[in-house]
Amino acid sequence: MDFQFDDNLVEFRQMVREAVKQDLPADIREGQRRFGGNQSDPHDSLTWTKILAKRGWSVPHWPVEYGGQNWSPMQLFVFQDELTRAFAPDTCWGGTHMCGPVIYTFGSEAQKERFLPAIINGDFYWAQGFSEPGNGSDLANLRTSATRKGDVYVVNGQKIWTSCAWMAEWGFFLVRTDPTVKPQRGISFLLINMKSPGITVRRIPQINGEAELCEVFLDNVEVPVENMVGEEGAGWTYAKFLLDHERTTSSFIYFNKRDLRIAQDIAANQMLDGVPLSKHPRFQGRLAQLEAEVTALEWSVLRVLANEQFQYNETAAASVLKVAGSRLQQTISELHLDLLGAQSIRQFPFEVHDRPNSPLWPDVTENANQRALIQRASTIYGGTMQVQKNIIAKLAFDL
Ligand SMILES: Cc1cc2nc3c(=O)[nH]c(=O)nc-3n(C[C@H](O)[C@H](O)[C@H](O)COP(=O)(O)OP(=O)(O)OC[C@H]3O[C@@H](n4cnc5c(N)ncnc54)[C@H](O)[C@@H]3O)c2cc1C
């Protein structure tokens, strides 16, 4: 198997690289470099979505009829690789990668008309209202209820760990519309305006100093019936469709490549006894091992992408990539900390722009510890490590 990119892809990569260099505002790049890790500032995400939209690039993975580009899976890979490499933030993932595809696949014409252009243009942020206290991995047993009364559903319950709900204008929620049938059959997919009366959002302080995750309380929230996506009771199918979309990107390959490069850079510049850490056998070994693991992960992703017939969602491939990729994220960020030692605890709030710099405190020392802390979450969201391993056991080994 030949994994060399062909000339067309090399040219495509160069074209994207030039465009990103031209389009990505320096302050957004800087914010992402200092704080990002694999998370993006939500305001930057919306600004960047708008910028990409001008080139028609904010949803290149969508079908052309809905605003996508007719790019091959390899081109999409190269595109995302270049964006991450340049420290571009994500687009608003909830819109562009999660509920957008659900709306164009299962939604009504009115929903498509109303929401797709807004997603493409980054008009507002979307919250994903799935997890509940006690029902994260066990999502099928969620309890938030939606009872039909005339032209509205009346929604009651609580969601938790809802990323950026504090600034979201809309949310896509899983709600229980029928408590009498098998759990999966009684779930529906509802689009809810986050400013509706009866919604209370409470931010949760995080160990990395941020408070992006939220609790969302829904108290007799009235949602027009036209905001139900597809059929009542079919929400579980749509959620699985959406999560499968999410899992195909869960190898974190773009971040792993970028973060390894950063580790190599730190190792080449941090000195111990007058010798760069990259020349010390202990770090040499770790860097070499991680380089091999990141390359193996990239090739695994490319192997899947290169095979157009590959039935991604019917195999354990997505879970294998998630397990390998999320573990690598954590191992690489731990290496950053070990390479930086005490310097990794240097921390600035986002608003501080005139922080003191000196050769003793290179840029990369800023917030390294916070970035490593948020990486702890990569083995939790999008399906925990243990749950992914259960899926692998079942699908790959029939256990
Ligand atoms: C940074 C971050 C962002 C998130 N953003 C969102 C969001 O925007 N919207 C949203 O809806 N949710 C979000 N989540 C929630 C996330 O999807 C859940 O945390 C995740 O699904 C796990 O659910 P839980 O927290 O309820 O843990 P639990 O399901 O209670 O799991 C607790 C522990 O038990 C283990 N476990 C559970 N079931 C099994 C099993 N069957 N076999 C073996 N072990 C098991 C788990 O692996 C875990 O170690 C986010 C989470 C994080 C960390």
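Please read all numbers here as calculations on a predicted model, not as lab measurements.

Draft legend 1. Inspection of the UniProt feature "domain: Acyl-CoA oxidase/dehydrogenase middle" (unreviewed entry) in the chain at higher detail. According to UniProt, the positions carrying the feature "domain: Acyl-CoA oxidase/dehydrogenase middle" (unreviewed entry) are residues 127-221. Taken end to end, residues 127-221 comprises 0% helix and 46% strand; its first and last C-alpha atoms sit 16 Å apart.

Draft legend 2. Expanded view of the nonpolar core. Ranked by size, the top nonpolar core spans 51 residues in total, and within it Trp 126 and Phe 189 carry the most contacts. Counting residues per element, the ones that place at least two in this core are α5 (93-106), α6 (109-120), β1 (126-129), β3 (152-160), β4 (170-176), β5 (187-193), β7 (214-224) and α7 (235-247). Both domain 1 (7-91) and domain 2 (126-233) contribute no fewer than three residues apiece to this core. Excluding its chain neighbours within four sequence positions, the residues that come into contact with Phe 189 are Cys 99, Val 102, Phe 130, Phe 172, Phe 173, Leu 174, Asn 227, Met 228, Val 229, Gly 235, Tyr 238 and Leu 242. Among the nonpolar cores identified, the runner-up in size contains 40 residues, and Leu 9, Val 20, Val 78 and Leu 277 belong to it.

Draft legend 3. Region of interest: the pattern of salt bridges. Under the definition given, this model contains 16 salt bridges. Residues Arg 55 and Asp 23 are paired through a salt bridge, measuring 2.5 Å at the closest nitrogen-oxygen approach. In this pair, Arg 55 sits in the loop between α3 (42-54) and α4 (73-85) while Asp 23 sits in helix α1 (residues 7-23), placing the two residues 32 residues apart along the sequence. For Arg 55, a relative accessible area of 33% gives the class partly exposed. One salt bridge connects Arg 376 with Glu 334, and the closest N-O pair in it is separated by 2.8 Å.

Draft legend 4. Molecular detail of the site of the ligand. In the neighbourhood of the ligand, 15 residues make up the surrounding shell, with Gln 128, Ser 137, Trp 161, Thr 384 and Gln 386 lying closest. One of the backbone N or O atoms of Phe 130 is found 3.0 Å from an oxygen atom in the ligand. In the environment of the ligand, an oxygen atom lies 3.3 Å from a nitrogen or oxygen atom belonging to the backbone of Gly 136. For the ligand, whose unbound accessible area comes to 970 Å², protein coverage reaches 65%. Split into classes, the residues belonging to the shell around the ligand amount to six nonpolar, nine polar and no charged. Mapping the shell around the ligand onto the domain boundaries places at least three of its residues in each of domain 2 (126-233) and domain 3 (248-397).

Cut-offs used in this document
Residues numbered from 1 in each chain as written. Predicted model: local features only at pLDDT ≥ 70, side-chain atom pairs only at ≥ 80, totals over all residues. Heavy atoms only, no water. UniProt positions renumbered as here; feature names shortened; annotations may be inferred. Helix = DSSP H or I, 4+ residues; strand = E, 2+ residues; numbered from the N terminus. Core = buried A, V, L, I, M, F, W, Y, C linked by side-chain atoms within 4.5 Å. Buried < 20%, exposed > 50% of the residue type's maximum accessible area, 1.4 Å probe, protein only. Domains from an automatic or database assignment. Contact = heavy atoms within 4.5 Å. Salt bridge = Lys/Arg side-chain N within 4 Å of Asp/Glu carboxyl O. Near = heavy atom within 4 Å. Polar contact = N/O pair within 3.5 Å; in protein donor to acceptor, adjacent residues only side chain to side chain. Areas by Shrake-Rupley, 256 points an atom, 1.4 Å probe, with all protein chains shown as cover. Nonpolar A, V, L, I, M, F, W, Y, C, P; charged D, E, K, R; others polar.

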